[in-house]
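Residues per chain are reported as follows:
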Amino acid sequence: MKTGDPNSRSVEARASQTEVVLIGVSKKFRRGSLALQDISIRVDKHEFVSLLGPSGCGKSTLLRLVSGLTPASSGQLEVMGKSPAAARDQMSFIFQDATLLPWRTVEQNVGLGLELEHEKKETRIAKVAKMLELVGLTAVAQRYPRQLSGGMKMRVSIARALVSRPSLLLLDEPFAALDEMSRDRLNEELLRLYSEQKWTVMFVTHSVAEAVFLSTRIVILAPHPGRVAHVIPIDLPWPRTAETRLTMAYEEQVAQVSRLLRSVQTASLHSPDGQSAEEVQV
Amino acid sequence: MNRKLWFALNSVFVFGLLLSSWQIGVMIFKVPPYMLPGPDLVAKAIVSRFPTLLQSLLLTAEAAGMGLAGSIFVAVLISLIFAQWRGLRRLLYPYTILLQTVPIVAIAPLIIMWAGAGVYSVALITFIICLAPIIANTTQGLISVDENLVHLFVMHNASPLQVLFKLRLPHAMPSFFVGIRVSAGIAVIGSIVGELFAGSSRVGEGGLGYTITYASNQSETDFLFALVIAAAMLGFVFFFIGMFLEWYFLHNWHESSRSDIPE
Ligand SMILES: Nc1ncnc2c1ncn2[C@@H]1O[C@H](COP(=O)(O)OP(=O)(O)OP(=O)(O)O)[C@@H](O)[C@H]1O
Ligand SMILES: [Mg+2]
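Each chain has its residues counted from 1, running along the sequence as written. For this description, chains carry letters from A and ligands carry numbers from 1, given in the order in which they are written. Residues qualify for local features only when their pLDDT is at least 70, as the model is predicted, and side-chain atom pairs are given and counted only at 80 or more; totals for whole chains, interfaces and linings, by contrast, use all residues. By convention in this description, side-chain values take in all heavy atoms of the structure and omit both hydrogens and water.

**Comments concerning the nonpolar core**
Here, the term nonpolar core denotes a set of buried Ala, Val, Leu, Ile, Met, Phe, Trp, Tyr and Cys residues that are joined through side-chain atoms within 4.5 Å. Three labels apply to residues, based on accessible area from a 1.4 Å probe with only protein chains included: buried if under 20% of the type maximum, exposed if over 50%, partly exposed otherwise in between. Core analysis: the largest hydrophobic core is formed by 83 residues, its most contacted members being L22(A) and V66(A). Of the residues forming this core, the biggest block, eleven residues, is contributed by helix α8 (residues 160-198) of chain B. Domain start and end points were adopted from an automatic or database domain assignment. Per-domain counts for this core show at least three residues from each of domain 1 (11-80 + 167-279) and domain 2 (99-166) of chain A. Formed by 51 residues, the second largest nonpolar core is a distinct cluster that contains L114(A), Y194(A), A211(A) and V212(A). In this text, helices come from DSSP runs of H or I with a minimum length of four residues, and strands from runs of E with a minimum of two, each type numbered from the N-terminal end.

Set out below in structure tokens:
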């Protein structure tokens, strides 16, 4: 089997290759209820883990904890054996909207991270050019963000995240604002890059289909307070292409995950806390 | 291109129509020239009093320019401080609004009492009324940066200075220019109001405001009209310079200054 196949490794090998580990992590905001309670998740190197769950169950919060943007209230949290903040230079975060700087061209946007890290100009330009080539943006390198379509903006955002060669990639609903076709295309492209560059990925989405297509494992969170409800390994064969979406195995996985997700949602609807039920319905 | 020419022709036509109806109206109703001079008399006044007119115009432009430039500099500094220290902003921001609501006519005599007559007092008055719009808009621009953009910078371990120069300042540019546009419009008015009180420190020399008082006292209505036209034109020039700078710095990337999208 190929080494790129995340499911081919033995359990012992995995233990030595842990990338992210959360043990009993909770997060309580200063004002507000418990956002996450007693979360324990381990993500191995080269895993693609998707986080699914009803709105407000703490998916974004979880990613922010891992990235060190917000501190955990309690519990143990390590990324590559370090504190999240210390591992920052090996992570990249991709946000829901492309968050490009409108006063910079595509090229300058992609080079932002390298620039902030004081990379030399020549190496920076070379790296950016290579990355633009890789994601097919060379033709629009000199354009400003407002001259791009939504899908292209997202691609720039991905290029910006990848150019500093991260080992861990955190994505918070990156394709939520796109139409289905662009989303499928970008999903396929993301997997192509994933198999080439072998990052570890934590991916937040609301789309079950997307999660099943991309992931090696899906974590379903339940709300109020946010906690792990289900962990589902996805064992669809690799490499996954557009064809994968047409297979029975894929359909079955989507159905199974949808069912579990719905059970989490209805459970929270019937929770005694009336306010939370309202939130879920929205 | 053709459309632009058409528009220019129309503008000239409308302008001509206005002038001639003014002229005809004055002639038909035999309005005395000290009440309302016709455009012919105003034109004559412009020509015959041109040196005084030009000198007043330049003096007012000087005071307005100094005041505006000074207020841009100070307002940006204050905005940076406000953006950096939230507590200080909360404490002092109300005074910025107070600065805007206080009637300049009321404080102009005070300033002249303290700082004396002359072009610097006039510039100071302009400076004061130009501050608030720039502070308010620039501060707003500096602090209204998308949270995720800040997070992006944090993820790259950006220093506070990097966040300021590569994120907050460029992001504040459009609102900064909104402030400039407002202030450029009121700078000339501020100077003229100042000159009504401050008059002239050099003998025989005064800005538009001073000369307006003079012409009004002498009932030289045609000259008064010439001065009004000069004042309006000066205001327009200031406004236009502001607009041009805005276009120059923002047209590449900002929606408010549209340019064609190359294919
Ligand atoms: N800065 C904050 N201060 C207080 N409460 C917060 C803050 N950020 C998030 N929360 C709360 O924490 C809970 C989880 O929020 P989070 O944004 O992580 O949810 P989510 O799963 O990402 O939702 P969505 O799917 O809608 O993006 C919510 O109840 C939210 O109101
Ligand atoms: Mg979220």
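Next comes the rest of the write-up.
**Some words on the confidence of the model for chain B**
Residues and elements named next belong to chain B. pLDDT is a per-residue confidence score from the predictor, ranging from 0 to 100. Averaged over all residues, the pLDDT of chain B is 87; the fraction at 70 or higher stands at 94%. Helix α3 (residues 50-84) holds the highest mean pLDDT among the elements of chain B, 93, whereas helix α5 (residues 104-115) holds the lowest, 84. Prediction confidence for the complex, expressed as pTM and ipTM, is 0.81 and 0.82 respectively.

**Notes on the domain arrangement of chain A**
All names here are of chain A. By domain assignment, chain A separates into domain 1 (11-80 + 167-279) and domain 2 (99-166). Taking only C-alpha atoms, the centre of domain 1 and the centre of domain 2 are 26 Å apart. Contacts between residues were defined by any pair of non-hydrogen atoms, one from each residue, lying within 4.5 Å. Across the contact, 14 residues belong to domain 1 and twelve residues belong to domain 2. A simple way to read buried area is as the amount of 1.4 Å-probe accessible surface that goes missing from two parts once joined, with both sides added. Of the roughly 1100 Å² buried between domain 1 and domain 2 on both sides combined, carbon and sulfur atoms contribute 65%. It is L186, L193 and Q197 in domain 1 that bury the most area against domain 2; as a group they hold 34% of the surface buried on that side. For R155, the salt bridge identified is with E189, shortest N-O distance 3.9 Å. Here a polar contact is recorded for every N or O atom pair within 3.5 Å, except that within protein the pair must consist of a potential hydrogen donor and a potential acceptor, and residues adjacent in sequence are included only if both atoms are side-chain atoms. At the junction of domain 1 with domain 2, the criterion picks out one residue pair in polar contact (both at pLDDT 80 or more). Salt bridges are identified by distance alone: a Lys or Arg side-chain nitrogen within 4 Å of an Asp or Glu carboxyl oxygen.

**Focus on the sheet that holds strand β2 (residues 34-44) of chain A**
Residue and element names in this part refer to chain A. Strand order across the open sheet formed by three strands is β2-β1-β4, with antiparallel pairing between neighbours. Edge positions in the sheet fall to β2 and β4 (74-79), since each has one partner strand and no second. Averaged over all adjacent pairs, the angle separating strand axes in this sheet is 15 degrees, with direction ignored. In short, DSSP must find at least two bridges between two strands for them to pair. Alignment of strand β1 (residues 18-28) against β2, held across seven bridges, turns out to be antiparallel. For V21, the partnering residue across the bridge sits in β2 and is R42. Axis geometry follows a simple rule: fit a line to the C-alpha atoms, using only the stretch in contact for helices, then measure angles between N-to-C directions, giving values from 0 to 180 degrees.

**Focus on helix α2 (residues 59-67) of chain A**
In terms of residue burial, α2(A) counts as a mostly covered element, since seven of its nine residues are buried. Three or more residues of α2(A) are buried, namely K59(A), T61(A), L62(A), L63(A), L65(A), V66(A) and S67(A).

**Things to note about α8(B)**
Expected helix span is given by 1.5 Å per residue-to-residue step, counting one fewer step than there are residues. Over its 39 residues, α8(B) extends only 45 Å from the first C-alpha to the last, a length that falls short of the 57 Å expected when each residue adds 1.5 Å. Bend, in this description, refers to the angle at a residue between axes fitted to the seven residues ending there and the seven starting there. Approximately 45 degrees is the largest bend angle found in α8(B), and it occurs at M173(B), with the proline P174(B) only one to four residues beyond.

**Here's the deal with the site of ligand 1**
Residue and element names in this part refer to chain A. For this purpose, a residue is taken to be near a molecule or strand whenever a single non-hydrogen atom of the residue falls within 4 Å of it. Taken together, the residues surrounding ligand 1 are F29, R31, A35, S55, G56, C57, G58, K59, S60, T61, E173 and H206. At 2.9 Å from an oxygen atom of ligand 1 is found a main-chain nitrogen or oxygen belonging to G56. In the environment of ligand 1, an oxygen atom lies 3.3 Å from a nitrogen or oxygen atom belonging to the side chain of E173. When isolated, ligand 1 has an accessible area of 630 Å², and the protein chains bury 61% of it. At three residues, the largest contribution of residues to the shell around ligand 1 is made by α2. Note on areas: Shrake-Rupley with a 1.4 Å probe; residue coverage comes only from the protein chains shown.

**Observations regarding the interface of chain B and chain A**
Opposite the 26 residues of chain B that make contact, chain A presents 26 residues. Between chain B and chain A lies a buried interface of about 2500 Å² when both sides are counted; carbon and sulfur atoms form 62% of it. The three residues of chain B that bury the most area against chain A are M155(B), H156(B) and W253(B), which together make up 30% of that side's buried surface. At the junction of chain B and chain A, the tally comes to one salt bridge.

**Considerations on the packing of helix α9 (residues 208-217) of chain B against helix α10 (residues 221-250) of chain B**
Residues and elements named next belong to chain B. Their axes nearest at 9 Å, the elements α9 and α10 cross at an angle of 160 degrees. Comparing their axes, α10 and α9 come out roughly antiparallel. The interaxial crossing formed by α9 with α10 has left-handed handedness. Counted together, L208, T211, I212, A215 and S216 of α9 and F223, L224, L227, A230, A231 and L234 of α10 form the full contact between these two elements. Here the residues of the contact of α9 with α10 are counted per class, giving nine nonpolar, two polar and no charged. By the definition adopted for this analysis, an angle is roughly parallel if under 35 degrees, roughly antiparallel if over 145, roughly perpendicular if from 65 to 115, and oblique otherwise. For any pair of crossing helices, the crossing counts as left-handed if the nearer helix is rotated counterclockwise from the farther one by less than a right angle, and right-handed if it is rotated clockwise. When residues are sorted by character, Ala, Val, Leu, Ile, Met, Phe, Trp, Tyr, Cys and Pro go into the nonpolar class, Asp, Glu, Lys and Arg into the charged class, and all the rest, Gly among them, into the polar class.

**Side note on the packing of aromatic side chains**
Planes of paired rings set the category: under 30 degrees apart is stacked, over 60 is edge-to-face and the rest tilted, where pairs are Phe, Tyr or Trp rings (Trp by its six-membered ring) whose centres lie within 6.5 Å. For the structure shown, the criterion picks out 15 aromatic pairs over all chains. Here the aromatic rings of F236(B) and F240(B) are separated by 6.4 Å at their centres, their planes lie at 20 degrees, and the arrangement is stacked. Note that F236(B) and F240(B) are positioned in helix α10 at a spacing of four residues, about one turn of the helix. Accessibility classification places F236(B) together with F240(B) in one group, the exposed group. A connected cluster of aromatic rings, assembled from ring pairs, spans F48(A), F175(A), Y194(A), W199(A), F203(A) and W238(A). Sitting over the ring of F213(A), R245(A) keeps its end group 4.0 Å from the ring centre. In this analysis the charged atom, NZ for Lys or CZ for Arg, is taken to sit over a ring once it is within 6 Å of the ring centre and within 35 degrees of the ring normal.

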